[in-house]
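As a plain string of letters, each chain reads:
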Amino acid sequence: MKRVYVREEWCLGCHLCEYYCAFAGTNETDMARALKGCKINPNIRIEENDGVSFAVSCRHCLEPLCVKGCITGALTVSGGVVTIDGDRCVSCYTCILSCPYGAVSPSDGGAVQKCELCVKTAGGTPACVKGCPNGAIVFEERG
Amino acid sequence: MNRMRQYVIIGNSAAGIGAAEGIRRTDPRGSLTVITDEPHHTYSRPLISYLLSGKVTGDGMKYRPGSFYADHNIRLIHAAAMEIDAAGRQVLLSDGRRVPYDKLLLAAGSSAFVPPFEGLDTVRKSSAFIRLDDARRLEGMLDGNGRVLIAGAGLIGLKCAEGLCGRASRITVLDLAPQILSSILDGGGAARVQSRLESRGIEFRLAASIRRFEGDTAVLEDRETLDFDVLVLAVGVRPNTALLKGIAEIDRGIVINARSETSAPDIYAAGDCAQTTDASSGQSRVMALLPNAYMQGECAGINMAGGEAAFDRAIPMNAIGFFGLPVITAGHYTGEVYEKNTEGVYKRLFYSDNRLNGYILIGQVEKAGIYTSLIRERTPLDTIDFALVCEKPGLMAFTREVRQARLGGGAV
């Protein structure tokens, strides 16, 4: 299955992936207008320190600890994509306790949020990949 | 062997469901029976407090979709398992039926421990708070109003208190210990959570013990009396091990290995009734929490069906919140301490011998799983930037090689 992979050496630390991610969920046509003045809460996050930067988002693990530990059944695997049903999530944060990547986070709306490879939003290619100006985030099959 | 294998699971909660899913991942054909003494579709036990508060209703309690048993070709039997006939390889049910097995899993959970309080039989309305029927019984007793006394300031007692908030005229939580949540928090962390609960009107009597009940009055050791309308018994739980007495090794729980096998051939155990090695301390203990239950069950299921699985990474860990204040803890609290104690953040990391032993996070819990994985994997702290990870949990603390393997490599 195709997954998002990061190429750390190509990451500029520009944070555009975070903006494209946040924009993908808005149903707006103009990113600047949609996000201007907003504090974004994206599902992909840049980590940076001392000249090094890279993006982190859900790995869609084959043995996902977040799904196995989910107390309600809100997290499931659907066609290989680890998916959250916001209506069933009670924000207990067991997934945040469990994820070794730190890739599940609290949301503004109550349920947790995570990358779903844009299957619910942009469709096809994840928005972070499409928007990365330096090819530091790719969407491909690596087995 | 041409005959279909017969799998039997006693228990219909996280460990039992994990096993059913593990079996079906490995053997789609064998006959699979789940036995439960509850008259319900599989539901999430931790959600019963959300049911009280109204945050979850009806179908929201279901741990798996309504079509789960049909989808997995499972025969669900609503009856109590009374006895395991290990020699005859069958389970005797309360309705007289006998269910034969080739591979058996006991995932029977735990029951409320009720101390032998003098006069408990004179209390008009009391309930435990473990099962869905306990929550419904409690709802019926409350009548929209009333004074509730909760004996036990652990996870169960406090989630019950939160769930009842606004549905009772007074909620008092009493515990022998001088602090709340003594199984997962230190004194400082407990004080923070307690003040959040108190801000919502929940009252506490700590370092207090009940001498006896006189009807709907609790007489405490110091002779103080507490009147109540409903009593919730949340003092503790006991693993349900009785079915394997004399059949498999039992300590506090049913002793299992990393394959979820008991000492008895072809009998497995998982979840709150089982005892296994705590990877954070090396000690054998019951770790009654849902993620471990699911993963022990899944591991048992795969092995029952002839696959190969090991779950040797169980650690104590809890994610719990009260009125929007998140609390995440894991491991055990010995060794040196890194701490941060500011208005919105309570953070303590415990480490020794080049390993992270445990942590407590209250308020700010983002990326807690980075710490959990350091404990679970027993990561040598000199292979990461420990000072950085203390300050800010993230993959940045790992070497570029480790990061590349995790973020750029194949699926894990």
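Residues numbered from 1 in each chain as written. Chains lettered and ligands numbered in written order. Predicted model: local features only at pLDDT ≥ 70, side-chain atom pairs only at ≥ 80, totals over all residues. Heavy atoms only, no water.

*Asks:* Go over the environment of Gly 363 of chain B, please, and point to the residues and values.
*Replies:* Residues and elements named next belong to chain B. Mapped onto the secondary structure, Gly 363 falls in the loop between strand 26 (355–362) and helix 8 (368–376). Linking Gly 363 and Val 327, residues 36 residues apart in sequence, is a C-alpha distance of 6.6 Å. If we ignore the near neighbours within four places in the chain, the residues touching Gly 363 are Leu 325, Pro 326 and Gly 344. (Helix = DSSP H or I, 4+ residues; strand = E, 2+ residues; numbered from the N terminus. Contact = heavy atoms within 4.5 Å.)

*Asks:* If you had to explain the confidence of the model for chain B to someone new, which residues and values would you point to?
*Replies:* Low pLDDT means the predicted atomic positions in that stretch should not be read closely. Within chain B, residue pLDDT values average 96, and 98% of them lie at 70 or more. Across the assembled chains, the prediction reports ipTM 0.96 with pTM 0.96. (pLDDT = per-residue confidence, 0-100.)

*Asks:* I'd love a proper account of the interface of chain A and chain B, names of residues and values included.
*Replies:* At the junction of the two partners, chain A supplies 39 residues and chain B supplies 50 residues. Overall, the association of chain A and chain B removes approximately 3,600 Å² of surface from exposure, summing both partners, and the carbon and sulfur fraction of that is 59%. There are 5 salt bridges connecting chain A and chain B. With a shortest N-O distance of 2.6 Å, Glu 298 of chain B and Lys 68 of chain A are connected by a salt bridge. For the pair chain A and chain B, the interface holds 13 residue pairs in polar contact (both at pLDDT 80 or more). Secondary-structure elements contributing two or more residues to the side of chain A that touches chain B are strand 1 (2–6), strand 2 (45–49), strand 3 (52–56), helix 3 (65–69) and helix 4 (94–98) of chain A. Here the side of chain A that touches chain B is composed, by residue class, of 21 nonpolar, 8 polar and 10 charged. (Buried area = accessible area lost by both parts, 1.4 Å probe. Salt bridge = Lys/Arg side-chain N within 4 Å of Asp/Glu carboxyl O. Polar contact = N/O pair within 3.5 Å; in protein donor to acceptor, adjacent residues only side chain to side chain. Nonpolar A, V, L, I, M, F, W, Y, C, P; charged D, E, K, R; others polar.)

*Asks:* Describe the domain arrangement of chain B, listing the residues and the values that go with them.
*Replies:* For interface size, the figure often reported is the accessible area lost on association. Residues and elements named next belong to chain B. If you check the domain split of chain B, you get domain 1 (6–111 + 238–304), domain 2 (120–235) and domain 3 (324–408). Relative placement of domain 1 and domain 2: their C-alpha centres are 29 Å apart. Tallying the contact residues gives 15 residues for domain 1 and 14 residues for domain 2. Buried area between domain 1 and domain 2, both sides added, is near 1,400 Å², and the carbon and sulfur share of it is 62%. In this structure, the connection of domain 1 to domain 2 is made through 1 salt bridge. Of the charged contacts in the structure, one is a salt bridge between Asp 37 and Arg 131, with a shortest N-O distance of 3.1 Å. If you look at where domain 1 meets domain 2, you find 5 residue pairs in polar contact (both at pLDDT 80 or more). (Domains from an automatic or database assignment.)

*Asks:* Outline helix 6 (residues 187–199) of chain B, supporting the account with residue identities and numerical values.
*Replies:* Residues and elements named next belong to chain B. When the terminal C-alpha atoms of helix 6 are compared, their 18 Å separation across 13 residues agrees well with the 18 Å that a helix rising 1.5 Å per residue should span. Of the positions making up helix 6, those classed as buried are Gly 189, Ala 190, Val 193, Gln 194 and Leu 197. Down the axis of helix 6, the smallest arc covering the buried residues is 130°, so these residues share one side. Contacts from the buried residues of helix 6 go to helix 5 (155–164), strand 12 (203–205), strand 22 (317–322), strand 23 (325–331), strand 25 (346–352) and strand 26. Looking one or two residues past helix 6, Gly 201 carries a phi angle of roughly 90°, positive in sign. (Expected span 1.5 Å × (residues − 1). Buried < 20%, exposed > 50% of the residue type's maximum accessible area, 1.4 Å probe, protein only. Arc of directions from axis to C-beta.)

*Asks:* Describe the environment of Gln 404 of chain B, listing the residues and the values that go with them.
*Replies:* Residues and elements named next belong to chain B. Tracing the chain through its elements places Gln 404 in helix 10 (residues 400–408). The class for Gln 404 is partly exposed, based on a relative accessible area of 38%. Distance from Gln 404 to Gly 324, taken between C-alpha atoms, is 36 Å for residues 80 residues apart in sequence.

*Asks:* Outline the domain arrangement of chain A, supporting the account with residue identities and numerical values.
*Replies:* Residue and element names in this part refer to chain A. Each assigned domain of chain A is listed with its residue range as follows: domain 1 (1–57 + 120–143) and domain 2 (60–114). Taking the mean C-alpha position of each, domain 1 and domain 2 sit 19 Å from one another. On the domain 2 side, the residues contacting the 8 residues of domain 1 number 15 residues. Ranking the residues of domain 1 by area buried against domain 2 places Met 1, Asn 41 and Asn 43 at the top, with a combined share of 53%. Joining domain 1 to domain 2, the criterion identifies 0 salt bridges. Counting across the interface, domain 1 meets domain 2 through 5 residue pairs in polar contact (both at pLDDT 80 or more). A breakdown of the residues in the side of domain 1 that touches domain 2 according to their chemical character gives 3 nonpolar, 3 polar and 2 charged.

*Asks:* Just give me the short version of the nonpolar core, but keep the residues and values in it.
*Replies:* Residues and elements named next belong to chain B. Residues Val 193 and Tyr 359 are the most contacted members of the largest nonpolar core, which totals 146 residues. With 8 residues, the single largest contributor to this core is helix 7 (residues 290–304). Judged by nonpolar contacts, the second largest core, of 23 residues, contains Val 99, Leu 104, Ala 248 and Ala 269. (Core = buried A, V, L, I, M, F, W, Y, C linked by side-chain atoms within 4.5 Å.)

*Asks:* So what's going on with the packing of aromatic side chains? Which residues, and what values?
*Replies:* Residue and element names in this part refer to chain B. Counted by the stated rule, this structure contains 6 aromatic pairs over all chains. Aromatic side chains Phe 213 and Phe 228 sit 5.9 Å apart centroid to centroid with 90° between the ring planes, which places their arrangement in the edge-to-face category. You can see Phe 213 sitting in strand 13 (residues 210–213) and its partner Phe 228 sitting in the loop between strand 15 (225–227) and strand 16 (230–233), a full 15 residues away along the chain. Ring centres of Tyr 351 and Phe 386 lie 4.9 Å apart, and the angle between their planes is 70°; on these two criteria the pair is classed as edge-to-face. (Phe/Tyr/Trp six-rings, centres within 6.5 Å; stacked < 30°, edge-to-face > 60°.)

*Asks:* Help me get a handle on the side chain of Thr 329 of chain B, residues and values and all.
*Replies:* Looking at the secondary structure, you find Thr 329 of chain B in strand 23. The residues contacting Thr 329 of chain B, other than those within four sequence positions of it, are Leu 97 of chain A together with Ile 184, Leu 185, Met 317, Asn 318, Tyr 359 and Ile 360 of chain B.

*Asks:* Talk me through the sheet that holds strand 16 of chain B; I want residue IDs and the actual numbers.
*Replies:* All names here are of chain B. On the basis of which strands lie adjacent, the open sheet formed by 5 strands has the order 9-16-10-11-12 and parallel pairing. The open sheet is flanked by strand 9 (126–127) and strand 12, the only strands paired with a single partner. In this structure, strand 11 (residues 170–174) lies alongside strand 12, joined through 3 bridges in parallel fashion. Counted as the bridge partner of Leu 174 is Arg 205 from strand 12. (Pairing = 2+ DSSP bridges.)

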